[in-house]
Amino acid sequence: MRIRIVDAFTARPFAGNPAGVLLLDAFPSDGWLQDVAREVNHAETAFAHPLPPGGDADWALRWFTPATEVDMCGHATLATAHVLRSTGALTTTVRFAARCGILTATAADDGAITLDFPTSPLAEEPVPDGLAEALGAAVVSVHDTSPDIGDLVVELPDEGAVRALTPDPRALGRHSARGIIATAAAEDPAAGYDFVSRCFFPNVGIDEDPVTGSAHTALAPFWSARLGRTSLTGLQASPRSGLVRTEVRGARTLLTGHAVTVLDGELLTAP
């Protein structure tokens, strides 16, 4: 069984967010899928299989962290679309059936892939007691996200505060279902991005995620409302780093990035 490791939201290897990708004939047991994701040991491993023609989607898609299955994952969807493109199964647009609904991926001639995801609704709420201490930074505002994401968007005073974070993962895990999206406006928009973020998901076994597509379905409307533009670029300032181009279209948000395959091998243990 062929397995690939793909770096997503980057055009160069060893950057962006790595994801495992397996194309299957059907989904084996959940236990086997979880075992493979644990063995791959990246933030997510994507499993996909083709669906019969004529339906609402072309492929079924699921995502697993080393610890659990998740409802939505952007970078592993981008990685899956990249693999489908490399095999010839994706020429223009592919539709995925996932836990969070129908998602599409569209390939451009320059190698970029655009994902069409649901926009996350945002609800401002008071700063929870202990959140600033868990992050180790002052908090400007807090917004809850949709159940598909299950994060808190936490606005910090500036880009430097986001980059300097050294949070306590165990303490952060008490404040949301999945984790914390820390963000601030770019210090210098001329640098090629409009906002920065870092994402911490201790409740699904990921202390810090390198580049998080799903988080940008919340970050895009958050910053579009503040900056007055529907098209923005976010920099996720993790050690691996990566850029996500975003465009808010009402109930949908487009996420655009590149991907590169860094490992193409054979999984020797069948279901």
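Preceding this section is the structure that the text describes.
K.L.:
Teacher, can you tell me more about the pairing of strand β16 (residues 242-249) here?
P.N.:
For a regular strand, side-chain orientation follows a simple rule: the groups alternate between the two sheet faces. The alternating pattern of β16 places Gly 242, Val 244, Thr 246 and Val 248 on a buried face, while none of Leu 243, Arg 245, Glu 247 and Arg 249, on the opposite face, is buried. Of the strand pairs in this sheet, strand β15 (residues 231-236) and β16 are connected by 6 bridges, and their pairing is antiparallel. Residue pairing for β16: Leu 235 is matched across the bridge by Leu 243. The hairpin formed by β15 and β16 contains 5 residues between the paired strands, and Ser 241 there has a positive phi angle of roughly 65°. Where β16 and strand β17 (residues 252-257) come together, 5 bridges link them in antiparallel fashion. Its bridge partner lying in β17, Thr 246 is registered against Leu 255. Adjacent in sequence and paired antiparallel, β16 and β17 are bridged by 2 residues, among which Gly 250 carries a positive phi angle near 65°.

K.L.:
Help me understand the pattern of salt bridges, please; the structure alone is not making it clear to me.
P.N.:
Close approach of charged atoms allows side chains with opposite charge to pair. Going through the model one piece at a time under the given rule, you end up with 15 salt bridges. Of the charged contacts in the structure, one is a salt bridge between Asp 30 and Arg 62, with a shortest N-O distance of 2.9 Å. Taken together, the residues Asp 30 in helix α1 (residues 30-40) and Arg 62 in strand β4 (residues 59-64) connect sequence positions 32 residues apart. Asp 71 is paired through a salt bridge with Arg 99; the nearest N and O atoms lie 2.8 Å apart.

Rules of the game
Residues numbered from 1 in each chain as written. Predicted model: local features only at pLDDT ≥ 70, side-chain atom pairs only at ≥ 80, totals over all residues. Heavy atoms only, no water. Buried < 20%, exposed > 50% of the residue type's maximum accessible area, 1.4 Å probe, protein only. Helix = DSSP H or I, 4+ residues; strand = E, 2+ residues; numbered from the N terminus. Pairing = 2+ DSSP bridges. Salt bridge = Lys/Arg side-chain N within 4 Å of Asp/Glu carboxyl O.

Any link to function would need more than the numbers given here.
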